[in-house]
Amino acid sequence: MTSTCVPLPLENVDTDQIIPARFLKATTKEGFGDNLFRDWRYDKDGTPDSTFVLNQDTYQGDILVAGKNFGSGSSREHAAWAIAGYGFRAVVSSFFADIFKNNSMNNSLLPVVVSADFLAELFDSLEKKPATTLTIDLPNQTITNNVTHRTESFEINPYKKDCLINGLDDIDYLLGNKSKIEAYEKNRL
């Protein structure tokens, strides 16, 4: 994936800031993107805050570049739903809360962990050139800043990598291996 990015250079962004608790009443994923960062995006009267990055035309793209410790706080899966529902396909940070990271991968949202230096370089590139693009190569587990041409590798669970590459959730994966599971169970008895 190669895309422009949206920078959110804030540290310790928790799931309540990503999607406020008052929007957690729905049981399906639909509509959560509309309330992504709701309390930062809109004033109390519902007017868009022109200073917030998602309300500006300067930055757009499929990749959210976030500060350190993104997705901390509660275990709400709705945070991943909101980010993916808004249209992001990947989030880049130097550290993610484990539960958020797993919830993201379970919802086809790729969390990419980079070094603090690489993250600082990304924010610098985006400030100087808002049209900066990143290339995330999931099969090879690399991310490239296309302005500086610097590349870093990132780690990902092999099972989740396979699911993301093939567009599978956990149930799809199991159903795709049904015959192997049945054969194993037959041989076990």
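Everything quoted here is computed from the prediction, not taken from an experiment.

Draft legend 1. Seen up close, the pattern of salt bridges. Under the counting rule described, the total for this entry stands at six salt bridges. The salt bridge partner of Asp-62 is Arg-89, with a shortest N-O separation of 4.0 Å. With Asp-62 in the loop between α2 (38-41) and β2 (63-66) and Arg-89 in the loop between α3 (78-86) and β3 (90-93), this residue pair connects regions lying 27 residues apart in the sequence. Residue classification places Arg-89 among the partly exposed residues on the basis of a relative accessible area of 45%. Where Asp-170 meets Lys-160, a salt bridge forms, and the shortest distance between an N and an O atom there is 3.1 Å. Taken together, the residues Asp-170 in helix α7 (residues 170-176) and Lys-160 in helix α6 (residues 158-166) connect sequence positions 10 residues apart. Each of the salt bridges in this network shares a partner with another, and the network as a whole consists of Glu-121, Arg-150 and Glu-152.

Draft legend 2. Fine view of the sheet that holds strand β4 (residues 110-113). Spatial ordering of the open sheet is given by β4-β3-β2-β1-β5-β6-β7, a layout of seven strands whose pairing is mixed. Either end of the sheet is taken by a strand with one partner, and the two such strands are β4 and β7 (150-153). Geometrically, the sheet is characterised by an average inter-axis angle of 30° between neighbouring strands, direction not taken into account. Bridge analysis of β3 against β4 gives four bridges, and the strand direction is parallel. Bridge pairing in β4 links Val-92 to Val-112.

Draft legend 3. Region of interest: the packing of aromatic side chains. Evaluation of the coordinates by the stated rule reveals nine aromatic pairs. On the numbers, 6.1 Å between centres and 50° between planes, the contact of Trp-40 with Phe-52 is tilted. With a gap of 12 residues between them, Trp-40 in helix α2 and Phe-52 in the loop between α2 and β2 connect regions that are remote in the sequence. The exposure class assigned to Trp-40 is partly exposed, which follows from its relative accessible area of 24%. An angle of 90° between the planes, with centres 6.4 Å apart, marks the rings of Phe-70 and Phe-96 as edge-to-face. On the criterion of sequence distance, the pair formed by Phe-70 in the loop between β2 and α3 and Phe-96 in the loop between β3 and α4 (98-106) is long-range, its members being 26 residues apart. Since its relative accessible area comes to 0%, Phe-70 is described here as buried. Ring pairs connect the aromatic residues Phe-37, Trp-40 and Phe-52, which therefore count as one cluster.

Draft legend 4. Focus on the side chain of Thr-15. Relative to the helices and strands, Thr-15 is located in helix α1 (residues 15-18). Exposure remark for Thr-15: the relative accessible area of 2% places this residue in the buried category. Discounting chain neighbours no more than four positions away, the residues touching Thr-15 are Gly-71, Ser-72, Gly-73, Ser-74, Arg-76 and Ala-79.

Draft legend 5. Structural detail: the environment of Arg-76. Position of Arg-76 relative to the elements: it lies in the loop between β2 and α3. Classification of Arg-76 by relative accessible area gives buried; the value is 16%. Taking the C-alpha atoms as reference points, Arg-76 and Phe-100, 24 residues apart in sequence, are found 7.9 Å from one another. Not counting residues up to four positions away in its chain, the partners in contact with Arg-76 are Thr-15, Asp-16, Ile-19, Pro-20, Ala-21, Leu-24 and Asn-103. For Arg-76, the side chain forms a polar contact with the side chain of Asp-16, separated by 3.0 Å.

Draft legend 6. Up close: the pairing of strand β5 (residues 133-137). Here β5 shows a clear split, with Leu-134 and Ile-136 buried on one side and none of Thr-133, Thr-135 and Asp-137 buried on the other. Note: strand β1 (residues 2-8) against β5, three bridges, orientation antiparallel. In the strand pairing of β5, Thr-4 is matched with Thr-133. Sheet topology note: the β5/strand β6 (residues 142-145) ladder contains four bridges and is antiparallel.

The rules behind the values
- Residues numbered from 1 in each chain as written.
- Predicted model: local features only at pLDDT ≥ 70, side-chain atom pairs only at ≥ 80, totals over all residues.
- Heavy atoms only, no water.
- Salt bridge = Lys/Arg side-chain N within 4 Å of Asp/Glu carboxyl O.
- Helix = DSSP H or I, 4+ residues; strand = E, 2+ residues; numbered from the N terminus.
- Buried < 20%, exposed > 50% of the residue type's maximum accessible area, 1.4 Å probe, protein only.
- Pairing = 2+ DSSP bridges.
- Axes fitted to C-alpha atoms, helices over the stretch in contact; angles between N-to-C directions.
- Phe/Tyr/Trp six-rings, centres within 6.5 Å; stacked < 30°, edge-to-face > 60°.
- Contact = heavy atoms within 4.5 Å.
- Polar contact = N/O pair within 3.5 Å; in protein donor to acceptor, adjacent residues only side chain to side chain.

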